[in-house]
Amino acid sequence: ALSMIQGEPNSALNGYFAADHCLVAHNTIYNCQMGFNINHTSKRNKLAIKDNTIANNVVVNLTEDKKVENVKVGLNPEPPTDMRYSGNVVWGGKVKGIEVREFAMAEQEPSLREIKGLMGPLKKSWLDRNRVDAVEGVECDLLGRPRGEKTTAGALEIMGKVDVSLPSAKTCGVSWTIK
């Protein structure tokens, strides 16, 4: 799951700060109990998240589990503000706290297949036919293949033969840009 947590008022450096000015882009979340948990709160966390972009992600759950929530947006004590959602695709599971059409460009089965333990889109699939605008700063997919001006949502570009090595801690993960 990917969780964007509300912040603690007057937080210590080792406490929780509200997610602010974050970009969450080009992730594939597959068969996860909770895909996105946006504006998550607890007894101490009361400062809503703000000014975040969630773009070009694919959240899919093909299990029979009725409790699955692909997307959950917390609205208490305050809803998130200045959120931007674009190019996201959801399939299966529930969407709570936000309208599907606000979070996702489509509620569509994306036709993913597994290659070397990774889930990626098929050629001529819905994701291939419905490419999205590139996100500034995201230049390659998870395997290091370049993304163009129009790209597929999710972590990988269209899957063919994969001759590259699998991602490692050195080649992928969280990246930070401080402006």
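Nothing here was measured: the structure is a model prediction, and the numbers come from that model. (Residues numbered from 1 in each chain as written. Predicted model: local features only at pLDDT ≥ 70, side-chain atom pairs only at ≥ 80, totals over all residues. Heavy atoms only, no water.)

1. Describing the packing of aromatic side chains
Applicable threshold: Only Phe, Tyr and Trp rings take part, Trp by its six-membered ring, and two of them pair if their centres are within 6.5 Å. Stacked means planes under 30 degrees apart, edge-to-face means over 60, and tilted covers everything else. Strands are runs of DSSP state E lasting at least two residues, helices are runs of H or I lasting at least four, and both sets are numbered from the N terminus onward. In this scheme, a residue with accessible area under 20% of its type's maximum is buried, one over 50% is exposed, and one in between is partly exposed, where area comes from a 1.4 Å probe on protein chains only.
Tallied over the full model, the rule gives two aromatic pairs. Both rings, one in tyrosine 85 and one in phenylalanine 103, keep their centres 5.4 Å apart while their planes meet at 55°; by these two values the pair is tilted. Of the two residues, tyrosine 85 is situated in strand β8 (residues 84–86) and phenylalanine 103 in helix α1 (residues 100–103); the sequence distance between them amounts to 18 residues. Using a relative accessible area of 15% as the deciding quantity, one classes tyrosine 85 as buried. A relative accessible area of 2% places phenylalanine 103 in the buried class. Aromatic rings pair up to connect Phe36, Tyr85 and Phe103 into one cluster.

2. Here we look at the sheet that holds strand β9 (residues 89–91)
Put simply, the test is: DSSP-based pairing: two strands are paired if at least 2 bridges between them are found.
Pairing within the open sheet is parallel, and its four strands lie in the order β3-β6-β9-β11. The open sheet has two edge strands, β3 (28–30) and β11 (106–107), and neither has a second partner. Of the pairings in the sheet, the one linking β3 to strand β6 (residues 58–60) comprises three bridges and is parallel in character. The residue bridging isoleucine 29 from the neighbouring strand is valine 59, located in β6.

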